[in-house]
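Each chain, letter by letter, is given below.
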Amino acid sequence: MIKTKPIITLLGIGTAISLLGDATLYTVLPHPSVAAQVGVKLSMVGILLGANRAVRLLLNGPVGLLYDRLPRRPLLITSLSVGALSSVLYALGKGFWPLFAGRIMWGLAWSLLWIGGNAVVLDISQETDRGQLSGRYQMWFILGVASSSLLGGLMTDLVGFRNGQWISALLIGLAALLWFFLFPETRGDMQSQTPESTKRMERVPIPWGTVLATSLPIFFARFIGWGVLAATAILWLSDLIGEGMKFGNIYIPIATLTGIYTAITMLTSIGSAPASGFFSDLIGRRWPVLAITAFLGAIGIWLMSTRSIPMAFALAGAMLVPVVGGGVETLVPAIIGDRVSDESRGRALGITNIFGDLGATVGPAFALGMLNLEWLSLGEIYRIGAILLAGVGLFALLQAKERPESDPIEKP
């Protein structure tokens, strides 16, 4: 019998460590001095930071198909190995193209890792604990983003950008070795599969009803959370409190405050991921819990959009919004596990992540484009986001009414 806790812990540790190189780039590369060190202009930084998501729009589908055909373990170990090599390219590269190659490699690594990690969670879970295990894995991811961003900035300050990336590559490589020696195969007995059974599995169609239903909330959750809010956090804060705050004799500038704000809001995601999974297991339903998280996120971003309320309410809204991210990222894989057969789960996860990465890619362009063109104010953009999240909540309630999770697995 597979022991789930050690597997989730191993999977979570590797996933968290894998983020070191990528999170460091997001944290420090936009700074002009760091960009100058690696020989890129600030105008190139946006392209570099978005390249990994753009390439995943092409890779997620094929990677999902690989996970339907092949064992999990070698693909997951490969993901960390490629991730370590991407950090090596960041450490060695000078100019746009070496760094761009590193971002493409990281896009492949993360596609292999995230789809594979969620496939492992579905392998080792049952309907009674799938939400909880998915929530734990999502919690490891959020912890990884927070800690990697902090460590990445700290290493850059202490030892420099390039040395920091060498350290990242070493740690990611050690995580790959850890998985090589300790991570088990979770995809059942691959030895018992004949060529005929493998071909039969490959012919199983994708259950598009479930895939498209789960793709909608993940698109809008990432569009708003990873896209609009991430790209405009510093603008919202500076609008709210100015260019910094003074605590006693210490003055904290807006960039540092933005980092602190981001880390604090992640605490909400860390809590909402396991909580949403637990409650969905407790009541035996996923969509109603997803609806609640979407409505809470809508309330939160609406509070952020309103200048006429006290600052405390706006900040409380900012703490509410991440609930939807933690909830959606936890519950969508669980719904797929409940309703999609083993033979097509990899492809289902791949397609939903295509939609998610599309949302994360177009979100910043939409928000910053509207602001630069002066077509919408930041408050109006946030109110649109609130309406979209409320729509996700209504959609989830409709799904809960029409497609209860107690139904049998969807027949393609």
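Residues numbered from 1 in each chain as written. Predicted model: local features only at pLDDT ≥ 70, side-chain atom pairs only at ≥ 80, totals over all residues. Heavy atoms only, no water.

Colleague: Report on the overall build of the protein, specifying residues and quantitative values.
Modeller: Within the protein one finds 16 helices and two strands. The globule rule puts the C-alpha radius of gyration for 412 residues at 22 Å, and the 21 Å found for the protein is close to it. Considering only C-alpha atoms, the protein reaches an extent of 65 × 50 × 35 Å along its principal axes. Counting the 412 residues in the protein, one finds 51% classified as buried. Counting contacts in the protein only where the partners sit at least 6 residues apart, residues at least 24 apart contribute 82% of the total. Working note: accessible area of the protein is about 17700 Å², and carbon and sulfur atoms make up 70% of it. The positive charge centre, built from 29 side chains, and the negative charge centre, built from 24, are 3 Å apart in the protein. (Helix = DSSP H or I, 4+ residues; strand = E, 2+ residues; numbered from the N terminus. Rg over C-alpha atoms; globule rule 2.2 N^0.38 Å. Buried < 20%, exposed > 50% of the residue type's maximum accessible area, 1.4 Å probe, protein only. Contact = heavy atoms within 4.5 Å. Areas by Shrake-Rupley, 256 points an atom, 1.4 Å probe, with all protein chains shown as cover. Lys, Arg positive; Asp, Glu negative; His and termini not counted. Charge placed at Lys NZ, Arg CZ, Asp CG, Glu CD.)

Colleague: Hey, could you go over helix α1 (residues 4-18) for me, with residue numbers and the actual values?
Modeller: Between the first and last C-alpha of α1 there are 21 Å, a value that for 15 residues agrees with the 21 Å anticipated at 1.5 Å per step. Turning to α1, its buried residues are I7, I8, L10, L11, G12, G14, T15, A16 and S18. On its buried side, α1 packs onto α2 (20-28), α5 (72-92), α6 (96-124), α7 (130-159) and α8 (161-182). (Expected span 1.5 Å × (residues − 1).)

Colleague: Let's hear about the nonpolar core: which residues, and what values?
Modeller: One broad rule of soluble globular proteins: the nonpolar side chains tend to lie buried together. Of all hydrophobic cores here, the largest spans 96 residues; its most connected members are W179, W236, L290 and Y382. With 14 residues, the single largest contributor to this core is α6. When sequence neighbours within four positions are dropped, the list of residues in contact with Y382 reads V228, L229, T232, W236, I301, M304 and S305. (Core = buried A, V, L, I, M, F, W, Y, C linked by side-chain atoms within 4.5 Å.)

Colleague: Any chance you could break down the packing of helix α10 (residues 208-241) against helix α15 (residues 345-373) for me, citing the residues and the numbers?
Modeller: Look at α10 against α15: their axes get within 6 Å of each other, and the N-to-C directions meet at 35 degrees. In the crossing of α10 with α15, the sense of the turn from one axis to the other is right-handed. In terms of residue class, the contact of α10 with α15 is made up of 21 nonpolar, nine polar and two charged. (Axes fitted to C-alpha atoms, helices over the stretch in contact; angles between N-to-C directions. Left-handed = near helix turned anticlockwise from the far one by under 90°. Nonpolar A, V, L, I, M, F, W, Y, C, P; charged D, E, K, R; others polar.)

Colleague: A description of unusual backbone geometry should follow, citing residues and the corresponding values.
Modeller: You will see that E374, though not glycine, has its phi angle at about 60 degrees, which is positive. Looking at the element boundaries, E374 is found in the loop between α15 and α16 (378-402). When its relative accessible area of 71% is taken as the criterion, E374 is described as exposed.

Colleague: Please set out empty space enclosed by the protein residue by residue, giving values where relevant.
Modeller: Applying the stated criterion across every chain yields a total of three cavities of 30 Å³ or more. Of the voids in this model, the largest cavity is the one considered here, and its volume is about 50 Å³. The wall of the largest cavity is formed by W114, N118, I218, R222, E329, V332, P333, L349, T352 and N353. Looking at the lining of the largest cavity, the elements that each hand over two or more residues are α6, α10, α14 (322-339) and α15. When grouped by side-chain class, the residues that make up the lining of the largest cavity number five nonpolar, three polar and two charged. (1 Å grid on protein atoms, 1.4 Å probe; cavity = no way out; pocket = protein on both sides within 12 Å on 5 of 7 lines; lining within 4 Å. Points joined across faces, edges and corners; volume = space filled by probe spheres on them.)

Colleague: Got a sec to walk through the packing of α7 against α14? Specific residues and values, please.
Modeller: Packing of α7 against α14 leaves a shortest axis separation of 9 Å and a crossing angle of 135 degrees. Considered as vectors, α7 and α14 are oriented oblique to each other. Where α7 crosses over α14, the two elements pack in a sense that is right-handed. For the pair α7 and α14, contact is made by R130, G131, S134, G135 and Q138 and by G326, E329, T330, P333, A334, G337 and D338, respectively. (Parallel < 35°, antiparallel > 145°, perpendicular 65-115°, else oblique.)

Colleague: Would you mind going over the packing of aromatic side chains in detail, with residue names and values included?
Modeller: Overall, the coordinates contain 16 aromatic pairs when judged by the stated rule. Judged by centre distance (5.7 Å) and plane angle (35 degrees), the ring pair of W110 and F141 falls under tilted. A residue pair is termed long-range when its members are at least 10 positions apart, and W110 in helix α6 and F141 in helix α7 qualify at 31 residues. Residues W110 and F141 agree in their burial class; the two are buried. The interplanar angle of 25 degrees and the centroid separation of 5.3 Å between the aromatic rings of W114 and Y137 together place this pair among those described as stacked. Taken together, the residues W114 in helix α6 and Y137 in helix α7 connect sequence positions 23 residues apart. (Phe/Tyr/Trp six-rings, centres within 6.5 Å; stacked < 30°, edge-to-face > 60°.)

Colleague: Any details on the side chain of S111? Residues and values, ideally.
Modeller: Along the chain, S111 turns up in helix α6. Those residues within four positions of S111 in sequence are excluded, and the remaining contacts are R56, L59, N60, V63 and G116.

Colleague: Give me the pattern of salt bridges: which residues, what numbers.
Modeller: Following the criterion strictly, the structure yields 10 salt bridges and no others. A salt bridge links R56 to D357, with the nearest nitrogen and oxygen atoms 2.9 Å apart. Linking R56 in helix α4 (residues 42-69) with D357 in helix α15, this pair joins segments that are 301 residues apart in sequence. Of the two residues, R56 and D357, neither departs from the other in class, the shared state being buried. (Salt bridge = Lys/Arg side-chain N within 4 Å of Asp/Glu carboxyl O.)

Colleague: Give a detailed account of the confidence of the model for the protein, specifying residues and quantitative values.
Modeller: Confidence along the protein averages 87 in pLDDT terms, with 90% of residues attaining 70 or more. For the protein, the element scoring lowest by mean pLDDT is helix α9 (residues 195-202), at 52; α5 scores highest, at 97. (pLDDT = per-residue confidence, 0-100.)

Colleague: So, the environment of K401: which residues are in play, and what are the values?
Modeller: By the element assignment, K401 lies in helix α16. When its relative accessible area of 71% is taken as the criterion, K401 is described as exposed. Along the backbone, K401 and W287 are 114 residues apart, and their C-alpha atoms lie at a distance of 8.9 Å.

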